[in-house]
Amino acid sequence: MEDKTILFFLLCCLSILQLGQGIWLNLPASGTKCVSEEIQTNVVVLADYTVISEDHQNMQTISTKVTSPYGNTLHSKDNVTNGQFAFTTSEAGNYLACFWVDDHHKAVAGVSVNLDWKIGIAAKDWESVARKEKIEGVELELRKLEGAVEAIHENLLYLRTKEAEMREVSEITNTRVAWFSVMSLGVCIGVSALQLWHLKHFFQKKKLI
């Protein structure tokens, strides 16, 4: 019974883990539309994008550019109707994929683009793994489940690290705000004392007190 409970928990974790997603983008005639994903380091990213059009002979072309959190260009294409980009992340943060229409005069109503974005275990070629290691069926599914559990564990560690960093930033900010409040109070007290001294000196000079 305990084994079934553990297996059920792992399957639930696998189902809630976001490994890949299909995105439908409606690009405006002029302007850029971007998709971002926060990814940790050493994660495989694989994406395919295709322009959706009923007129296959006069299909509108687009341009795309993928950048890392530090602004490094990972993929850039112009005048294409479809393409693919793949890379392994070397920086943790938001990765940005931007698309825009090449000639906005031709695309009065905009252009639709289908983006199939996969990260981590979803981007792995399991067919090649199965052929290479000669596994199939239940063993292959267990291997996928093992990879998903490892991905969940890595994501939890990443979130834990981010939480620790955010907590440290919050503590530093609270300390600085506290010191700023003390300094502001000290300045206010000093200015009040200076005003009282000035008024006393003024009244003594006028012989009012």
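Reading the values: the criteria
- Counting restarts for each chain: residues are numbered from 1 in the order of the written sequence.
- This being a predicted model, a pLDDT of at least 70 is required before a residue's local features are given, and a value of 80 or more before pairs of side-chain atoms are given or counted; all residues contribute to the totals for chains, interfaces and linings.
- With hydrogens and water excluded, all non-hydrogen atoms of the structure serve as input to the side-chain values.
- Only DSSP runs of H or I covering at least 4 residues are called helices, and only runs of E covering at least 2 are called strands; the numbering of each starts at the N terminus.
- When a residue's accessible area, from a 1.4 Å probe over protein chains only, is under 20% of the maximum for its type it is buried; when over 50% it is exposed; and in between it is partly exposed.
- Contact criterion: two residues are considered in contact whenever any of their non-hydrogen atoms come within 4.5 Å of each other.
- Computed by Shrake-Rupley with a 1.4 Å probe, the accessible areas treat only the displayed protein chains as cover when residues are assessed.
- The rule is short: rings of Phe, Tyr and Trp, with Trp giving its six-membered ring, pair when the centres are within 6.5 Å, and they are stacked under 30 degrees, edge-to-face over 60, tilted in between.
- The term salt bridge refers to a side-chain nitrogen of Lys or Arg lying within 4 Å of a carboxyl oxygen of Asp or Glu.
- Two strands qualify as a pair provided that DSSP identifies no fewer than 2 bridges between them.
- All axes here are fitted lines through C-alpha atoms, helices being fitted over the stretch that makes contact, and every angle between N-to-C directions spans 0 to 180 degrees.
- Only a pair of cysteine sulfur atoms within 2.5 Å qualifies as a disulfide here.
- In this scheme, patches are assembled from residues that exceed 30% relative accessible area and form no salt bridge. Like charges are connected within 9 Å, while nonpolar side chains (Val, Leu, Ile, Met, Phe, Trp, Tyr) are connected within 5 Å.

**Topic: the overall build of the chain**
Point 1. Looking only at helices and strands, one finds three helices and eight strands in the chain.
Point 2. Reading the chain from its N end, one meets helices and strands in the order α-β-β-β-β-β-β-β-β-α-α.
Point 3. Relative to its full complement of 209 residues, the chain shows a buried share of 26%.
Point 4. Restricting the contact set of the chain to residue pairs at least 6 apart, pairs at least 24 apart contribute 74%.
Point 5. Total accessible area on the chain is roughly 14900 Å²; 57% of this is exposed by carbon and sulfur atoms.

**Here we look at the packing of aromatic side chains**
Aromatic ring pairs are reported here in terms of the distance separating the ring centres and the angle at which the planes meet.
Point 1. Applying the stated rule across the entire model yields six aromatic pairs.
Point 2. An angle of 25 degrees between the planes, with centres 5.6 Å apart, marks the rings of Phe87 and Tyr95 as stacked.
Point 3. Accessibility expressed as a relative area gives 12% for Phe87, which makes it buried.
Point 4. By the ring-pair criterion, three or more aromatic residues cluster together here, those being Tyr49, Phe85, Phe87, Tyr95, Phe99 and Trp117.

**Observations concerning the pattern of salt bridges**
When the charged atoms of two side chains lie near each other, side chains of opposite charge can form a pair.
Point 1. Using the criterion set out here, one finds two salt bridges in the structure.
Point 2. Residue Lys162 is joined to Glu38 by a salt bridge in which the shortest nitrogen-to-oxygen separation is 3.9 Å. Note that Lys162 is positioned in helix 3 (residues 138-205) and Glu38 in strand 2 (residues 32-39), a separation of 124 residues in sequence.
Point 3. Judged by its relative accessible area of 32%, Lys162 falls in the partly exposed class.
Point 4. Across the pair Arg167 and Glu163 runs a salt bridge whose closest N-O atoms are separated by 2.7 Å.

**Some points on the sheet that holds strand 2**
Point 1. Strand order in the open sheet formed by four strands is 2-7-4-5, and the pairing between neighbours is antiparallel. Every other strand in the sheet has two partners, leaving strand 2 and strand 5 (73-80) as the edge strands with one partner each. The sheet shows a mean angle of 10 degrees between the axes of neighbouring strands, direction not considered.
Point 2. By the bridge criterion, six bridges tie strand 4 (residues 62-67) to strand 7 (residues 93-101) in an arrangement that is antiparallel. Looking at the pairing, Lys65 lines up with Cys98 of strand 7.

**Points about the state of the cysteines**
Point 1. Scanning all chains against the criterion turns up one disulfide.
Point 2. Between the sulfur atoms of Cys34 and its disulfide mate Cys98 the distance is 2.0 Å. Judged by the sign of its S-S torsion, about 105 degrees, the cystine formed by Cys34 and Cys98 is right-handed. Taken together, the positions of Cys34 in strand 2 and Cys98 in strand 7 put the pair 64 residues apart, joining distant regions of the chain.
Point 3. Relative accessible area serves as the criterion here: at 36%, Cys34 is assigned to the partly exposed category.
Point 4. Given a relative accessible area of 12%, Cys98 falls into the buried group.

**Considering the environment of Ala151**
Point 1. You can see Ala151 is positioned in helix 3.
Point 2. Along the primary structure Ala151 and Gly120 are separated by 31 residues, whereas in three dimensions their C-alpha atoms are 7.3 Å apart.

**A closer look at a nonpolar patch on the surface**
Point 1. On the surface, Leu199, Phe202 and Phe203 cluster together into a nonpolar patch covering about 260 Å² of accessible area.
Point 2. Residue Phe202 is classed as partly exposed on the basis of its relative accessible area of 39%.

**Considerations on unusual backbone geometry**
Point 1. Of note, Asn42 is a non-glycine position whose phi angle comes to about 60 degrees, a positive value.
Point 2. With respect to the element layout, Asn42 can be found in the loop between strand 2 and strand 3 (44-52).
Point 3. Residue class for Asn42 comes out exposed when judged on its relative accessible area of 63%.
Point 4. You will see that Asn79, though not glycine, has its phi angle at about 55 degrees, which is positive.
Point 5. Among the structural elements, Asn79 can be located in strand 5.
Point 6. Here Asn79 falls in the exposed class, since its relative accessible area comes to 55%.

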